[in-house]
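Observations on the three-dimensional arrangement
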Amino acid sequence: MEAVVFYVGAVICLLGAAGVILSESPVHSALSLVGTLFGVAVLFVAQDAEFLAAVQVIVYAGAIVVLFLFVIMLLGVDSTDDITVEPLKGQRVLAAISGLTVAGVLLFVVAIKGKVTGQHATAARDTPGVPNVEELGRLLFTRYLWAFEITSVLLIIAVVGAVSLARHRKDALVDHDLPHDDLPDLAVAAEEPAS
Amino acid sequence: MILAELGPTPYLALGAILFAAGAVGLLIRRNPLVMFMCVELMLNAVNLTFVTLARELDDVGGQVAVFFVLVVAAAEVVVGLGIIVAIFRRRQGATADDISLLKG
C-alpha cells in the first residue's frame, strides 16, 4: 500500500521537477513546481508528517508559488528564455556531468551502500497515539523555543528588507550605458539629473 | 502507522534525484525566476530527506527542522523576489548573465 503511494508521489515529483527545468515559459515552470510540491506533500503524509504536509501545501503551493506567479505577471509573461541557445559553450554538458555526479554519489550513499546510522531519539520520540501536531508544537515551544524566537527576528528582517527594496525612490539611478529607448518606463519617469 | 512496509531507501533515493535535478536546473537556466524555483526544488529534496530520517530514527526533531526550513525558504523568496523586481525595474529582460557584476 505504501509502495503505491510512494510511486505515485515519486512520479508526480519527478515530472514536476522535469517541468521546472525544461519549460521555456516561467509560468509553466511555476505550475510544474506546484506539482512537485504536492508530490512531496503526499510523501510527507505517507511518512506520518501530516502537519508538515498541510503546511507544505498552504505555504509553498499556496503562498510562495502565488508570489512567483505574481512577480512573473508583474514583469511580463513574455520574458521566455530561449532554452535552445546555449550562452556559454559547453556549459550544459558540464552541468549535466556534475548533476549526474551529484546524483550518482548521493544514490550510491543512500541506496546502494547505505544503511541509516545514528542514534535513535531519546527526547523527541514519536509517541504512538499522540497527534503529530501536538508533538511538533510541544517540541517547538520547549526544546526549540530559542530557534523559534530567532525565526521571528528573521521574518521581521525579511519584511523590512522587502519593503525597502520595493520602495520606489525618486532619485533612483538609471543605467546610463543603456540607450534611452531601452529604459523601462518607470526609470524614464524617475530620471532626474542624478548627480 | 498503517503503511510501514517501505524502508527509507526509496525516499532517500528520490530526495537525491530531486536535489540533483534542482542543481542541474540552477546551472543551465538563465532566468533568475526559474533559478529560484530550482533552489526551491533543492530545498524540498532536503525536506523529504529530513522527514524520512525523522521517521526512520523515530525523532520528531527532524520534522521541526523541516518547519524551520519552510520559514527560511519563505523569507528567502520574499527578499529574492524583491531584489529581482528591483533589478527588472531598471533593466528589462535581465538574465543572470546581465547582472553578474553586482553594479548598475
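Residues numbered from 1 in each chain as written. Chains lettered and ligands numbered in written order. Predicted model: local features only at pLDDT ≥ 70, side-chain atom pairs only at ≥ 80, totals over all residues. Heavy atoms only, no water.

Quick look at the environment of Ile 12 of chain A
All names here are of chain A. Rules: Strands here are runs of E lasting at least two residues and helices are runs of H or I lasting at least four, both read from the DSSP assignment and numbered beginning at the N terminus. Relative accessibility under 20% of the residue-type maximum defines a buried residue, over 50% an exposed one, and the middle range a partly exposed one, all with a 1.4 Å probe and only protein chains included. Contact definition: two residues touch when any of their heavy atoms are within 4.5 Å.
You can see Ile 12 is positioned in helix 1 (residues 2-22). Assessed through its relative accessible area of 34%, Ile 12 is described here as partly exposed. Each C-alpha atom, one on Ile 12 and one on Phe 38, is 7.9 Å from the other, the two residues being 26 residues apart in sequence. Ignoring anything within four residues of it in the chain, the contact list for Ile 12 reads Gly 35 and Gly 39.

Description of helix 3 (residues 50-75) of chain A
Here is the rule we go by: To estimate how far a helix should reach, multiply one less than its number of residues by 1.5 Å.
Over its 26 residues, helix 3 of chain A runs 36 Å from end to end, which matches the ideal 38 Å to within 8%, given 1.5 Å per residue. Restricting attention to buried positions, one finds in helix 3 of chain A the residues Leu 52, Ala 53, Val 55, Gln 56, Tyr 60, Ala 61, Ile 64, Val 65, Phe 68, Val 71, Ile 72 and Leu 75 of chain A. Tucked into the core, helix 3 of chain A has its buried residues touching helix 2 (26-46) and helix 5 (132-142) of chain A together with helix 2 (32-56) and helix 3 (61-90) of chain B. Following helix 3 of chain A by one or two positions, Gly 76 of chain A adopts a phi angle in the positive range, close to 105°.

Concerning the interface of chain A and chain B
Worth spelling out the cut-off: Summed over both partners, buried area is the accessible surface (1.4 Å probe) that two parts give up on being assembled. A pair is scored as a salt bridge if a Lys or Arg side-chain nitrogen falls within 4 Å of a carboxyl oxygen belonging to Asp or Glu. Two N or O atoms form a polar contact when they lie within 3.5 Å of each other; inside protein one atom must be a possible hydrogen donor and the other a possible acceptor, and for residues adjacent in sequence the pair counts only when both atoms belong to side chains.
Contacts between chain A and chain B engage 89 residues on the former and 73 residues on the latter. Of the roughly 7,400 Å² buried where chain A meets chain B, counting both sides, 72% is carbon and sulfur surface. Counting the contacts that link chain A with chain B gives 1 salt bridge. Salt-bridge contacts for Glu 2 of chain A lead to Arg 55 of chain B; the nearest nitrogen and oxygen are separated by 3.2 Å. Inspection of the chain A/chain B interface yields 9 residue pairs in polar contact (both at pLDDT 80 or more). Elements that contribute at least two residues to the side of chain A that touches chain B include exactly helix 1, helix 2, helix 3, helix 4 (91-112), helix 5, helix 6 (145-166) and helix 7 (185-189) of chain A.

Notes on a nonpolar patch on the surface
The test is simple: What makes a patch is a set of residues exposed beyond 30% relative accessible area and free of salt bridges, joined within 9 Å when like-charged and within 5 Å when nonpolar (Val, Leu, Ile, Met, Phe, Trp, Tyr). We get accessible surface area from the Shrake-Rupley algorithm with a probe of 1.4 Å; when it comes to residues, only the shown protein chains can shield them.
Taken together, the side chains of Val 105, Phe 108, Val 109 and Ile 112 of chain A define a hydrophobic patch exposed on the protein surface, amounting to about 390 Å² of accessible area. Mapped onto the elements of the fold, Ile 112 of chain A is located in helix 4.

Thoughts on the packing of aromatic side chains
Cut-off, in case you're wondering: A pair of Phe, Tyr and Trp rings is counted when the ring centres sit within 6.5 Å of each other, with Trp represented by its six-membered ring. The angle between the planes then sorts it: under 30 degrees is stacked, over 60 is edge-to-face, the rest tilted.
All chains considered together, the criterion is met by 6 aromatic pairs over all chains. For the pair Phe 6 of chain A and Tyr 7 of chain A, a centre-to-centre distance of 5.2 Å together with 70° between the ring planes defines the contact as edge-to-face. The interplanar angle of 70° and the centroid separation of 4.8 Å between the aromatic rings of Phe 6 of chain A and Tyr 11 of chain B together place this pair among those described as edge-to-face. One end of the pair, Phe 6 of chain A, is in helix 1; the other, Tyr 11 of chain B, is in helix 1 (residues 9-28), on a second chain. The same class applies to Phe 6 of chain A and to Tyr 11 of chain B, which are both buried. Here a set of aromatic residues connected by ring pairs shows up, and it is made of Phe 6 and Tyr 7 of chain A together with Tyr 11 of chain B.

Digging into the side chain of Ser 29 of chain A
Of note, Ser 29 of chain A is situated in helix 2. Residue class for Ser 29 of chain A comes out buried when judged on its relative accessible area of 0%. The contact partners of Ser 29 of chain A, leaving out residues within four places of it in the chain, are Gly 19, Val 20 and Ser 23 of chain A together with Arg 29, Val 34 and Met 37 of chain B.

What about the confidence of the model for chain A?
Residue and element names in this part refer to chain A. Under the convention used in this document: What pLDDT expresses is the predictor's confidence in each residue, scored from 0 to 100.
A residue-level look at chain A finds 79% of positions with pLDDT of 70 or above and a mean pLDDT of 82. For chain A, the element scoring lowest by mean pLDDT is helix 7, at 49; helix 2 scores highest, at 94. Overall, residues 191-195 carries pLDDT values under 50, and its contacts beyond four positions in sequence, including any with other chains, amount to 6 contacts.

Looking at the nonpolar core
The cut-off we apply is this: Among buried residues, the Ala, Val, Leu, Ile, Met, Phe, Trp, Tyr and Cys ones that are joined through side-chain atoms within 4.5 Å form a nonpolar core.
One finds Leu 33, Phe 44, Leu 52 and Phe 68 of chain A together with Leu 33 of chain B to be the most contacted residues of the largest nonpolar core, which totals 60 residues. Not counting residues up to four positions away in its chain, the partners in contact with Leu 33 of chain A are Val 20, Val 65 and Phe 68 of chain A together with Met 37, Glu 40 and Leu 41 of chain B.

A short note on the environment of Leu 27 of chain B
Structurally, Leu 27 of chain B is set in helix 1. Leu 27 of chain B sits in the partly exposed class, given a relative accessible area of 37%. Spatially, the C-alpha atoms of Leu 27 of chain B and Cys 38 of chain B are 9.3 Å apart, while their sequence positions differ by 11 residues. With residues near it in sequence (within four places) discarded, Leu 27 of chain B still touches Gln 91, Ala 95 and Ser 98 of chain A.

Structural notes on the pattern of salt bridges
Any two side chains of opposite charge can pair, on the condition that their charged atoms come close. Residue and element names in this part refer to chain A. Applying the stated criterion across every chain, the model contains 2 salt bridges over all chains. Of the charged contacts, one joins Glu 134 and Arg 138 as a salt bridge, the two residues approaching to 3.1 Å between their closest N and O atoms. Here Arg 138 and Glu 134 lie together in helix 5, a separation of 4 residues that amounts to about one turn. Residue classification places Glu 134 among the partly exposed residues on the basis of a relative accessible area of 38%.

Some points on the packing of helix 3 of chain A against helix 2 of chain B
Heads up, the rule is: To define axes, lines are fitted to C-alpha atoms, for helices over the stretch in contact only, and angles between the resulting N-to-C directions are given on a 0 to 180 degree scale. Throughout, the term roughly parallel applies to angles under 35 degrees, roughly antiparallel to angles over 145, roughly perpendicular to angles from 65 to 115, and oblique to all others. In the scheme used here, Gly and all other residues not listed as nonpolar or charged are polar, with Ala, Val, Leu, Ile, Met, Phe, Trp, Tyr, Cys and Pro taken as nonpolar and Asp, Glu, Lys and Arg as charged.
As a packed pair, helix 3 of chain A and helix 2 of chain B sit with axes 12 Å apart at the nearest point and diverge in direction by 175°. Put simply, helix 3 of chain A runs roughly antiparallel to helix 2 of chain B. Mapping the contact onto sequence places Leu 52, Gln 56, Tyr 60, Phe 68, Val 71, Ile 72 and Leu 75 of chain A in helix 3 of chain A and Leu 33, Phe 36, Met 37, Glu 40, Leu 43, Asn 44, Asn 47 and Val 51 of chain B in helix 2 of chain B. Of the residues contributing to the contact of helix 3 of chain A with helix 2 of chain B, the split by class is 11 nonpolar, 3 polar and 1 charged.

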